[in-house]
Amino acid sequence: MSYPFPMMSNVYLYLFWAAFAVAFYTYVGYGLVAWALARLSRLVRPRRPLAFFEPDVTLVVPAYNEADILDDKVANCLALSYPRQKLRLVFITDGSTDNSAEVLARYPQVEHLHSPFRGGKSLAENRAMEFVRTPYVIFTDCNSFLNPEAVREMVKHYQDPQVGAVSGEKKVLAHNSASGAGEGLYWKYESFLKRCDSEIYSLMGAAGELVSFRSNLFQPLEKDTILDDFIQSLRIVEKGYRVVYEPAAYAAEAPSASLAEEMKRKIRICAGGWQSMVRLRSLLNPLRQPLVTFLYVSHRVLRWSLTPVALVLLLVLGAVLAGLHGGFYAAFFAAQVLFYGLAYLGWRAESQGRSRKLLLVPLYFTSMNVAVFAGFRRYLRGTQSAAWEKAARTQPLEGNLSIPKA
């Protein structure tokens, strides 16, 4: 049986350029569009200085077997530039089996909640909220260290009644490994996109290192929730509120200890991404909140769904079209082979303890997209635990930790 060769060739061409458009828009095009829309938003809605605002706030720190860094975390919290009588500190150590209780007992300024049952971060946060009596609550990870003005910079936004949540910025401490450098580079670009989303309308999901909510908008999460703060913040967007990004409030933490640890983290995030897309499917309906749908799909959904598939199609179709047409397609296919070849060399070097800066971008980009497929598989199998598996640290977070300047 003979195939209509010209017709099939056209199909390959259409698929190739569709895949190229999806990948280009996700990683380059949306950044340009978001930047332009953010500039336009600043012209249409000029920023107004916010008045002095010091409401009562509860700072909640979920900590699972973190006794080795609790002294530093408590010291960091006590050093925050906010009236002590207005800032309530709550540490919740549910499931911990180390000596966290003994460490926290040394600090009368800290309220300690503990249950021997380990249900994961979502259930711990749900339980902590039962003890929150202030109008605003801030959650921060135990291994993240805040700048002194973090609380003040976050709560000032609640003077706007349409703001339902505020997210701080994540800063990754400098490290020589490919995983550390790659994570830092990724978060710089991610921070740029978050600034744009927030200026256009609302942040599309907060990260758990430092996030704040109006207490009355907090919705208890399902016990199997993987990306707790992401889902919590976007459910607030579903209700018609905005999530603001405040880079002047930031949490600094060490990067993943190795590429393997970083992959483990990314696979978990991608599995949580698929879970989030299912639970937040109302945000995919452009008839309800068209601007939210545009931002959500552009910034989040494409990365976790179509774009990794598009990258695979580009490689496969690039090979086919290189054979059929040569020229541009042959050069494009060769460039892809070179890019992924560099990623492989980067992976080999990293696994042998030898980092190569030249290989950083292809390695991190490739591993990020491979993690999407692994995360999707884990989500379908239902094997991703909602409880964090404690990761190895790149360096001991003890003593005087140097927080990077804004």
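Overview of the structure.

Reading guide: rules and limits
Residues numbered from 1 in each chain as written. Predicted model: local features only at pLDDT ≥ 70, side-chain atom pairs only at ≥ 80, totals over all residues. Heavy atoms only, no water. Helix = DSSP H or I, 4+ residues; strand = E, 2+ residues; numbered from the N terminus. Buried < 20%, exposed > 50% of the residue type's maximum accessible area, 1.4 Å probe, protein only. Areas by Shrake-Rupley, 256 points an atom, 1.4 Å probe, with all protein chains shown as cover. Expected span 1.5 Å × (residues − 1). Phe/Tyr/Trp six-rings, centres within 6.5 Å; stacked < 30°, edge-to-face > 60°. Lys NZ or Arg CZ within 6 Å of the ring centre and 35° of its normal. Pairing = 2+ DSSP bridges. Patch = residues over 30% accessible without salt bridge, like charges linked within 9 Å, V, L, I, M, F, W, Y side chains within 5 Å. Salt bridge = Lys/Arg side-chain N within 4 Å of Asp/Glu carboxyl O.

## Overview of the overall build of the chain
Phase 1 of the analysis: For the chain, the helix and strand inventory stands at 12 helices and eight strands.
Phase 2 of the analysis: Counting only residues that meet the buried cut, the chain has 53% of its 406 residues in that class.
Phase 3 of the analysis: As presented, the chain carries roughly 18,900 Å² of accessible surface, and 63% of it is formed by carbon and sulfur atoms.

## Details of helix H8 (residues 259-279)
Phase 1 of the analysis: Over its 21 residues, H8 extends 30 Å from the first C-alpha to the last, a length consistent with the 30 Å expected when each residue adds 1.5 Å.
Phase 2 of the analysis: H8 sits mainly inside the fold: 15 of its 21 residues count as buried.

## Details of the packing of aromatic side chains
A ring pair, where both rings are aromatic, is described by two values, the distance of the centres and the angle of the planes.
Phase 1 of the analysis: The full count for this structure, using the stated rule, is 24 aromatic pairs.
Phase 2 of the analysis: Pairing Phe20 with Phe24 gives two aromatic rings, centres 6.0 Å apart and planes at 15°, and the pair type is stacked. Here Phe24 and Phe20 lie together in helix H1 (residues 5-44), a separation of four residues that amounts to about one turn.
Phase 3 of the analysis: Over the ring of Tyr250 we find Lys171, and its NZ or CZ is 4.9 Å from the ring centre.

## Observations concerning the pairing of strand E7 (residues 210-214)
Phase 1 of the analysis: Most of E7 sits inside the fold, with five of its five residues counted as buried.
Phase 2 of the analysis: The alternating pattern of E7 places Leu210, Ser212 and Arg214 and Val211 and Phe213 on opposite faces, both of which are buried.
Phase 3 of the analysis: For strand E4 (residues 136-140) and E7, the ladder comprises five bridges, and the chain directions are antiparallel. When the sheet's bridge partners are listed, Phe139 is paired in E7 with Val211.
Phase 4 of the analysis: With three bridges connecting them, strand E6 (residues 163-172) and E7 associate as antiparallel partners. When the sheet's bridge partners are listed, Ala165 is paired in E7 with Phe213.

## Examining a nonpolar patch on the surface
Phase 1 of the analysis: Together, Val309, Val312, Leu313, Leu315, Val316, Val320, Leu324, Val337 and Phe373 make up an exposed nonpolar region whose accessible area comes to about 640 Å².
Phase 2 of the analysis: Here Leu315 shows up in helix H10 (residues 306-325).

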